[in-house]
Amino acid sequence: MATAYAQETGEITGTKDKDYNLVWFVEQCLNNALRLEIYIADAERAGDRELADLFRRAQAESRKGAEQGKQYLRQRLAG
């Protein structure tokens, strides 16, 4: 199975690898943004503003990645 997975080009999933990878990327960015919300709350509860700010910046970057990925998806699905 590992060999088939390493060579998957859309025959198994029905989706080209590059498109699948883009969908995966967007999902991971969105999941990360959600997870970071918990981390922010944990840091704030502990009174660690510096750590909360770090997580906020990381969350903003995750949102940015998700938005960029969604833009690419829209373009590819439309054309």
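Located above this text is the structure these notes cover.
This is a predicted model, so every value here is computed, not measured.

A. Quick look at a nonpolar patch on the surface. Where nonpolar side chains cluster on the molecular surface, the patch consists of Y20, W24 and F25 and spans about 320 Å² of accessible area. Relative to the helices and strands, W24 is located in helix α2 (residues 17-45). Take W24: its relative accessible area is 46%, and that puts it in the partly exposed class.

B. Structural view of the pattern of salt bridges. Inspection of every chain in the model, using the stated rule, returns five salt bridges. D19 serves as the salt-bridge partner of K18, at 3.2 Å between the closest nitrogen and oxygen. The exposed category is assigned to K18, whose relative accessible area is 53%. Note that R45 and D42 form a salt bridge whose closest N and O atoms lie 2.3 Å from each other. With a gap of three residues between them, R45 and D42 both fall in helix α2, about one helical turn apart. Here the salt bridges do not stand alone but share partners, grouping E44, D53 and R56 into one network.

Criteria and thresholds
Residues numbered from 1 in each chain as written. Predicted model: local features only at pLDDT ≥ 70, side-chain atom pairs only at ≥ 80, totals over all residues. Heavy atoms only, no water. Patch = residues over 30% accessible without salt bridge, like charges linked within 9 Å, V, L, I, M, F, W, Y side chains within 5 Å. Areas by Shrake-Rupley, 256 points an atom, 1.4 Å probe, with all protein chains shown as cover. Salt bridge = Lys/Arg side-chain N within 4 Å of Asp/Glu carboxyl O. Helix = DSSP H or I, 4+ residues; strand = E, 2+ residues; numbered from the N terminus. Buried < 20%, exposed > 50% of the residue type's maximum accessible area, 1.4 Å probe, protein only.

By themselves, these are just geometric observations and shouldn't be taken as functional.
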